[in-house]
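# Residue-level structure breakdown
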2 protein chains.
Amino acid sequence: MLFFTQCFGAVLDLIHLRFQHYKAKRVFSAAGQLVCVVNPTHSLKYAPTRCAAAQTSVEQSVLPPCHHHEAVHDPQLVPCTCPLFSCPWEGHLEVVVSHLRQTHRINILQGAEIVFLATDMHLPAPTDWIIMHSCLGHQFLLVLRKQEKYEGHPQFFATMMLIGTPTQADNFTYRLELNRNQRRLKWEATPRSVLECVDSVISDGDCLVLNTSLAQLFSDNGSLAIGIAITTSKVHNAEDEM
Amino acid sequence: MLFFTQCFGAVLDLIHLRFQHYKAKRVFSAAGQLVCVVNPTHSLKYAPTRCAAAQTSVEQSVLPPCHHHEAVHDPQLVPCTCPLFSCPWEGHLEVVVSHLRQTHRINILQGAEIVFLATDMHLPAPTDWIIMHSCLGHQFLLVLRKQEKYEGHPQFFATMMLIGTPTQADNFTYRLELNRNQRRLKWEATPRSVLECVDSVISDGDCLVLNTSLAQLFSDNGSLAIGIAITTSKVHNAEDEM
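Residues numbered from 1 in each chain as written. Chains lettered and ligands numbered in written order. Predicted model: local features only at pLDDT ≥ 70, side-chain atom pairs only at ≥ 80, totals over all residues. Heavy atoms only, no water.

Per an unreviewed UniProt entry, chain A goes by the name E3 ubiquitin-protein ligase and belongs to Dromas ardeola. Quoted straight from UniProt, the Catalytic activity (unreviewed entry) entry for chain A says "S-ubiquitinyl-[E2 ubiquitin-conjugating enzyme]-L-cysteine + [acceptor protein]-L-lysine = [E2 ubiquitin-conjugating enzyme]-L-cysteine + N(6)-ubiquitinyl-[acceptor protein]-L-lysine." (UniProt positions renumbered as here; feature names shortened; annotations may be inferred.)

Within a regular strand, the side chains alternate between the two sheet faces. All names here are of chain A. In this sheet, strand 8 (residues 138-150) lies alongside strand 7 (residues 127-135) in antiparallel orientation, the contact comprising 9 bridges. Within strand 8, the residue paired with His-133 across the bridge is Phe-140. What sits between the antiparallel neighbours strand 7 and strand 8 is a turn of 2 residues, in which Leu-136 has the positive phi angle 55 degrees. Pairing between strand 8 and strand 9 (residues 153-162): 9 bridges, direction antiparallel. From the neighbouring strand, Val-143 faces strand 9, where its bridge partner is Thr-159. Counted along the chain from strand 8 to the antiparallel partner strand 9, the turn is 2 residues long, and its residue Gly-152 has a positive phi close to 85 degrees. (Pairing = 2+ DSSP bridges. Helix = DSSP H or I, 4+ residues; strand = E, 2+ residues; numbered from the N terminus.)

Right, let's talk about the nonpolar core for a bit. Counting residues in hydrophobic clusters, the biggest one holds 112 residues, and the most contacted among them are Phe-116, Leu-144 and Leu-176 of chain A together with Phe-116 and Leu-144 of chain B. Non-local contacts of Phe-116 of chain B, meaning those with residues more than four positions away in its chain, are made with Cys-36, Val-38, Trp-129, Ile-130, Ile-131, Leu-142, Leu-144, Leu-224, Ala-225, Ile-226 and Ile-228 of chain B. (Core = buried A, V, L, I, M, F, W, Y, C linked by side-chain atoms within 4.5 Å. Buried < 20%, exposed > 50% of the residue type's maximum accessible area, 1.4 Å probe, protein only. Contact = heavy atoms within 4.5 Å.)

Right, let's talk about the pairing of strand 6 (residues 113-118) of chain B for a bit. All names here are of chain B. Counted residue by residue, strand 6 has 5 buried out of 6 residues, so it is predominantly covered. Relative to strand 6, strand 1 (residues 34-38) runs parallel, the two sharing 5 bridges. Bridge pairing in strand 6 links Val-37 to Leu-117. Bridge analysis of strand 6 against strand 15 (residues 223-232) gives 6 bridges, and the strand direction is antiparallel. Its bridge partner lying in strand 15, Ile-114 is registered against Ile-228.

All names here are of chain A. Every buried residue of helix 3 (residues 96-104) is accounted for by Val-96, Val-97, His-99, Leu-100 and His-104. Across the axial projection of helix 3, the buried residues extend over an arc of 165 degrees, all falling on one side. With its phi angle positive at about 55 degrees, Arg-105 sits one or two positions after the end of helix 3. (Arc of directions from axis to C-beta.)

Counted by the stated rule, this structure contains 7 aromatic pairs over all chains. Consider the rings of Phe-140 of chain A and Phe-172 of chain A, whose centres lie 5.3 Å apart with planes at 85 degrees: the pair is edge-to-face. Taken together, the residues span a long stretch of sequence, with Phe-140 of chain A in strand 8 and Phe-172 of chain A in strand 10 (residues 172-180) at a distance of 32 residues. Side by side, Phe-140 of chain A and Phe-172 of chain A carry an identical accessibility label, which is buried. Note on Trp-187 of chain A and Phe-218 of chain B: the rings are 6.3 Å apart at their centroids and 90 degrees apart in plane angle, and the pair reads as edge-to-face. Of the two residues, Trp-187 of chain A is situated in strand 11 (residues 183-189) and Phe-218 of chain B in helix 6 (residues 212-218); the pairing between them involves two chains. Take Trp-187 of chain A: its relative accessible area is 0%, and that puts it in the buried class. Overall, the relative accessible area of 4% leaves Phe-218 of chain B in the buried class. (Phe/Tyr/Trp six-rings, centres within 6.5 Å; stacked < 30°, edge-to-face > 60°.)

The following block contains the structure:
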């Protein structure tokens, strides 16, 4: 009986996933674009303190603020870049991706253009939707965060970060695109490096920012589809492009 | 002496205008795009009450809320659509443009693509930057507004409205584009009709919304350049376009 219940649950999950996938395909062109359903995670870490620490010193941020850590660190080691948890892990940049996959169960997707379908947008802040995106020989971390900067007025912040150094990040441009109800919003920027703190990018507002009413206009039945594209940036001259 | 002072002031104004124009050209491609310097105006009208009136009945909104107006109106008459002032004027839709030009001194620009250069973005809210745009045989009203929806946190709202009926407005798509510092933000939507209240479009947040930090990132020395393009919308199917 338990086996039957579990199987039935799995089938229901598959039907739900299929339905979400269909919804995203309706919004975005079906041709060759991978749609990834991303479920929300309630942010558990003590964000402001951790971020303040990360900005002042990478070494101090590898442990949650309640710990005191006095060992001498290898300067090549970086802390865990998962925006969800205060995680004591540290390691070389090259193994950050496998740590995020294995320990934090963050999915990774391949492809130059993907659709990120964030479900349950109505959940209260703080909530994060996170995925990794493998493209052009690098891995990127896409973070969508619902956060109340002004009490009682949640906003959505979306940014893309390279799992690499700031110098490597300068070689790319990412684009986030919303498209629904005869409205379209596009944000294009150079990704930041995960060595910079995602919390500070969001608190600076240097990302795609949506208030609740815009998020609702672009949502379909509580899910928000974000088209993502990454390109290598040429020698960029904004003056000649418009 | 008075004549000399006035002439000198006019020359200074021209030099300042030329400088602003040069700044906008640096940001946007110079080829064929008209750059219009738009100075701010502190909003003088009692917006919420006027807007509530306009939403319930066009006839009731033609006079400021302190007046009582009991005459029978021609249903083809529309109130003044200037977002800045509570103006008792009313007239046919065809003469709204000349009223806005003559009485409210709102400039009108020709061209399919123009650059709107809003100066003095630092001025306190509420402040409006307004221009009319003549294109594809119609006139549009572009409104950029700095407003504090949440006390102490001013935001910028930009929208375009057709000086025409909602049915006519459905035939167009407008695009607002910001481009600076290797960041680009584009908003595309169907314009609303000026018969709908600009205040309600902004309070619904159904427009381009910028928080102060994003506005600063896109500004150059206190001026924000917004590229504007208007196209006729075909039978629009968002599903096939991305």
